[in-house]
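Observations on the three-dimensional arrangement
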Amino acid sequence: MTQLSPLLKQATPVVASRGEGVYLYDDDGTRYLDFTAGIGVTSTGHCHPKVVAAAQQQVGTLIHGQYTTVMHRPLQQLTQRLSEVLPAGLDSVFFSNSGSEAAEAALRLARQATGRPNIVVFQGGFHGRTVAAASMTTSGTKFRAGFSPLMGGVVVSPFPNPSHYRRYGWDQDQATDFALRELDLLLNTQSAPADTAAFLVEPVLGEGGYVPGHERFFAGLRERADAHGILLIVDEVQTGFGRTGRFWGQDHFGLVPDIQMFAKGIASGFPISGIAASEQLMAKAWPGSQGGTYGANAVACAAALATLEVIAEEHLVENSQARGEQLRSRLREAAQGYTQVAEVRGLGLMVGVEFINDDGTPGTALAAAVQQEAARRGLLLLTCGPWTEVVRFIPALVVSQQQVEDAAGIFSAALKAVLG
């Protein structure tokens, strides 16, 4: 009998045999409310009929046509469809497979287009696990430890994270003032503007704790980028395609990028990602420098087209906004009376519940215990945050009002079981 490796032994105990909508079923037929959505991937739910049909049809027509060799119709159609939802001016797209690949493609484009070596990232950001992407990730040491040396040319500036700076008695405005002052200091002491190719930022910290950014902070980034010829890269890998109750997370803040990354929710579980930029900027990439064997796979493109149709036809962006408001309200009700719950926060269906210990330190063990208790009761959740002190809710955008109620009820029971 094959022995499992230690890494496999650490996997979730739920062995999913099938999925439908926001539910997963194991081999025994036990049903779980899945509020993880494959870490925000299955945006239209598990096995949405329209996505399944599109993929099945495409499999029988053309599975793969490498797009630096031949073009195929799903790729052309997806490119056209994305032009209708991407911000104005971002009219050129490069496709890859994962968020990490999108991060590395954005980095490569920024460095080649500007001729500058350095990238400024922001504390708590997550951009992937490959060497360059991990070098730009600061949401936790587990993503970058044990395979040094990492890539050079990365400098880190503060993100206006109120959950962190509350320990200093600061609100979000004070945290924003501090973050912008520190960025100015960084540009004067660590990475001169003439050496800085880009700022790379998430609209909402993902692995960093589900912390929304601040409009004034992003306006400050845009102002400084424009003043110094620095490119602004926005990582919409987790926040895109309706996840935050707007089509893009940046839409909450009036944030306008030069390069935009996307992945996860675009294809309901099929691997596809990419970056978008203006045609003028994209043309500055060195010939042959961007590419990949599986990027823009025909089946993934077909699934992405169907996903975008479902998002529009079923008004899933609007549903994300409404169900997110409902979920945050119900979670706050459930948390009343528990001092160990520091905050319920998020945008749309990207919601985090932060735990603290009685002494105010991060509640890592509490978050894990509540997550595991919820799983025992049939609700699958994830954790995140620098100390994994946040339980995150990230259901499919098709989640119903009743399913949100059911999830909140299970979470309330899990809180009571753990916290008394």
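Heads up: these notes are all about the structure in this document.

1. Quick look at the packing of helix H8 (residues 172-189) against helix H9 (residues 215-228)
Contact geometry for H8 and H9: axes closest at 9 Å, N-to-C directions at 20°. Relative to H9, H8 is oriented roughly parallel. The handedness of the crossing between H8 and H9 is right-handed. Only Arg216, Phe217, Gly220, Leu221, Arg224 and His228 of H9 make contact with H8, whose side of the interface consists of Asp173, Thr176, Asp177, Ala179, Leu180, Leu183, Asp184 and Leu187. Among the residues forming the contact of H8 with H9, the class breakdown is six nonpolar, three polar and five charged.

2. A closer look at the nonpolar core
Counting 92 residues, the largest nonpolar core has Leu82, Ile259, Ile275, Phe355, Leu379, Phe393 and Phe411 as the members making the most contacts within it. Leu82 has contacts with Phe95, Phe241, Phe262, Ile266 and Leu308, leaving out every residue within four places of it along the chain. Val120, Val155, Ala179 and Val211 belong to the second largest nonpolar core, which has 30 residues in total.

3. Some details on the sheet that holds strand E15 (residues 379-380)
Spatially, E1-E2-E3-E15 is the arrangement adopted by the four strands of the open sheet, whose pairing is mixed. Looking at the sheet topology across the chains shown, the edges are occupied by strand E1 (16-20) and E15. Relative to strand E3 (residues 31-34), strand E2 (residues 23-26) runs antiparallel, the two sharing three bridges. When the bridges of E3 are listed, Tyr25 appears paired with Arg31. The sheet strands contacting helix H14 (residues 401-419) are E2, E3 and E15, and the helix crosses E3 at an angle near 100°.

4. Some remarks on the pairing of strand E17 (residues 390-393)
Residues Val390 and Arg392 line one face of E17 and the alternating positions Val391 and Phe393 line the opposite face, and both faces are buried. As paired strands, strand E16 (residues 382-384) and E17 are joined by three bridges and run antiparallel to one another. In the strand pairing of E17, Leu382 is matched with Arg392. With antiparallel pairing between neighbouring strands as the criterion, E16 and E17 make up a hairpin whose turn holds five residues, including Gly385 at a positive phi of roughly 100°.

5. Here we look at the packing of aromatic side chains
Scanning the model with the defined rule gives 18 aromatic pairs in all. Taking 5.5 Å as the distance between ring centres and 65° as the angle between the ring planes, the aromatic pair formed by Tyr165 and Phe178 counts as edge-to-face. With a gap of 13 residues between them, Tyr165 in helix H7 (residues 162-165) and Phe178 in helix H8 connect regions that are remote in the sequence. Each member of the pair Tyr165 and Phe178 is classed as buried. Their ring planes at 55° and their centres at 5.1 Å tell us that Trp170 and Phe178 sit as a pair that is tilted. Given a relative accessible area of 27%, Trp170 falls into the partly exposed group. An aromatic cluster is defined as three or more aromatic residues linked by ring pairs; in this entry it consists of Phe122, Phe159, Phe199, Phe217, Phe218 and Phe253. It is Arg18 that lies over the ring of Tyr25; its NZ or CZ is 3.9 Å from the centre. One Lys or Arg, Arg31, reaches over the ring of Tyr23 and ends 4.0 Å from the middle of that ring.

6. Here's the deal with the packing of helix H12 (residues 316-335) against H14
Packing of H12 against H14 brings their axes to within 9 Å, and their N-to-C directions diverge by 20°. Between H12 and H14, the angle falls in the class roughly parallel. At the point where H12 passes H14, the crossing takes the right-handed sense. On H14, the residues that touch Arg323, Gln326, Leu327, Arg330, Leu331, Ala334 and Ala335 of H12 are Gln401, Val404, Glu405, Ala408, Gly409, Phe411, Ser412 and Leu415. Of the residues that constitute the contact of H12 with H14, the class distribution is eight nonpolar, four polar and three charged.

7. A closer look at H9
Spanning 14 residues, H9 covers 20 Å between terminal C-alpha atoms, matching the ideal 20 Å at 1.5 Å per step. Taken as a whole, H9 has its buried residues at Phe217, Phe218, Gly220, Leu221, Arg222, Arg224 and Ala225. Taken together, the buried residues of H9 touch strand E5 (118-122), H8, strand E7 (196-201) and strand E10 (231-235). Immediately downstream of H9, the backbone of Gly229 shows phi near 70°, a positive value.

Criteria and thresholds
- Residues numbered from 1 in each chain as written.
- Predicted model: local features only at pLDDT ≥ 70, side-chain atom pairs only at ≥ 80, totals over all residues.
- Heavy atoms only, no water.
- Axes fitted to C-alpha atoms, helices over the stretch in contact; angles between N-to-C directions.
- Helix = DSSP H or I, 4+ residues; strand = E, 2+ residues; numbered from the N terminus.
- Parallel < 35°, antiparallel > 145°, perpendicular 65-115°, else oblique.
- Left-handed = near helix turned anticlockwise from the far one by under 90°.
- Contact = heavy atoms within 4.5 Å.
- Nonpolar A, V, L, I, M, F, W, Y, C, P; charged D, E, K, R; others polar.
- Core = buried A, V, L, I, M, F, W, Y, C linked by side-chain atoms within 4.5 Å.
- Buried < 20%, exposed > 50% of the residue type's maximum accessible area, 1.4 Å probe, protein only.
- Pairing = 2+ DSSP bridges.
- Phe/Tyr/Trp six-rings, centres within 6.5 Å; stacked < 30°, edge-to-face > 60°.
- Lys NZ or Arg CZ within 6 Å of the ring centre and 35° of its normal.
- Expected span 1.5 Å × (residues − 1).

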